[in-house]
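Fold and geometry: a report
Each chain, written out:
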Amino acid sequence: GAGVSQSPSNKVTEKGKDVELRCDPISGHTALYWYRQSLGQGLEFLIYFQGNSAPDKSGLPSDRFSAERTGGSVSTLTIQRTQQEDSAVYFCASSLALVAGGRGTDTQYFGPGTRLTVL
Amino acid sequence: LAKTTQPISMDSYEGQEVNITCSHNNIATNDYITWYQQFPSQGPRFIIQGYKTKVTNEVASLFIPADRKSSTLSLPRVSLSDTAVYYCLVASRAGSYQLTFGKGTKLSVIP
């Protein structure tokens, strides 16, 4: 079946521009996650959605970052007034549920990522 | 929030068993430990998850001691295709979930 898809795969933008990254999760998955990975670094957790709700936005790096999810499906991560330090690969993941059977977080399935380059 | 620590890199010869340890000293009672594998230019992929003692699946084993302050991912008889970065993940819940990935261990398998 179809996995998690992200678009665009690559995005080059100029400093100060706004960008929008899209994630299409696996159909039926209620939980959705956004991560960021800077070059040569580990995964930085940004935000998760349970349905359309994001209980905690404190992981977003600054108020220039926002995320939404509609219809329990597609999610968009928006970065306003991009800066060079925003350059990274942004991964989206989804899972069937947030918590598997009430015990432990459910398996996350990751998309291929969007490589963002801010010039 | 749980903080995880892993070795930055490891080398191994083909056919050997590899053990990668992750420290998570302040793991909470209800936290599970999950390991993911990441190849270059790809998103991470689930390997194994556990709570305590030992868990085994078709690709790996996960050992978690009684105090649960660390966990060890064991890869039996590695091959060149196991060259990747391995992450441990601890999910902590303090109201909402915080998903803390370690910085990852780059495993290089040598012919």
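Structural notes, computed from the coordinates. Because the structure is a prediction, the values reported are computed rather than measured. (Residues numbered from 1 in each chain as written. Chains lettered and ligands numbered in written order. Predicted model: local features only at pLDDT ≥ 70, side-chain atom pairs only at ≥ 80, totals over all residues. Heavy atoms only, no water.)

Residue and element names in this part refer to chain B. Across all of its chains, the model carries 11 aromatic pairs over all chains by this definition. Their ring planes at 45 degrees and their centres at 5.0 Å tell us that Y32 and Y51 sit as a pair that is tilted. In this pair, Y32 is assigned in the loop between strand 2 (18–23) and strand 3 (33–38) and Y51 in the loop between strand 4 (45–50) and strand 5 (53–56), connecting sequence segments 19 residues apart. The ring of Y51 carries R68 above its face, with NZ or CZ at 4.0 Å from the centroid. (Phe/Tyr/Trp six-rings, centres within 6.5 Å; stacked < 30°, edge-to-face > 60°. Helix = DSSP H or I, 4+ residues; strand = E, 2+ residues; numbered from the N terminus. Lys NZ or Arg CZ within 6 Å of the ring centre and 35° of its normal.)

Right, let's get into the pattern of salt bridges. Residues and elements named next belong to chain A. Throughout the structure, instances matching the rule amount to three salt bridges over all chains. The residue R22 makes a salt bridge to D24 at a minimum N-O spacing of 2.8 Å. Put simply, R64 and D86 hold a salt bridge, and the shortest N to O gap is 2.8 Å. Pair noted here: R64 is in the loop between strand 5 (44–50) and strand 6 (65–69) and D86 is in the loop between strand 7 (75–79) and strand 8 (88–95), with a separation of 22 residues, a long-range link. (Salt bridge = Lys/Arg side-chain N within 4 Å of Asp/Glu carboxyl O.)

Turning next to the interface of chain A and chain B. Listed as interface residues are 23 residues of chain A and, on the opposing side, 19 residues of chain B. Here chain A packs against chain B, burying approximately 1800 Å² in sum over the two surfaces, 56% of which is carbon and sulfur. Contact with chain B buries surface across chain A, with L43, F45 and T105 of chain A losing the most and accounting together for 29% of the total. Across the contact surface, chain A and chain B share three residue pairs in polar contact (both at pLDDT 80 or more). Every element with two or more residues in the side of chain A that touches chain B is listed here: strand 4 (31–37) and strand 5 of chain A. Of all the elements, strand 4 of chain A adds the most residues to the side of chain A that touches chain B, at three residues. Counted by class, the side of chain A that touches chain B contains 11 nonpolar, nine polar and three charged residues. (Contact = heavy atoms within 4.5 Å. Buried area = accessible area lost by both parts, 1.4 Å probe. Polar contact = N/O pair within 3.5 Å; in protein donor to acceptor, adjacent residues only side chain to side chain. Nonpolar A, V, L, I, M, F, W, Y, C, P; charged D, E, K, R; others polar.)

Function-wise, these values are silent; they only describe arrangement.
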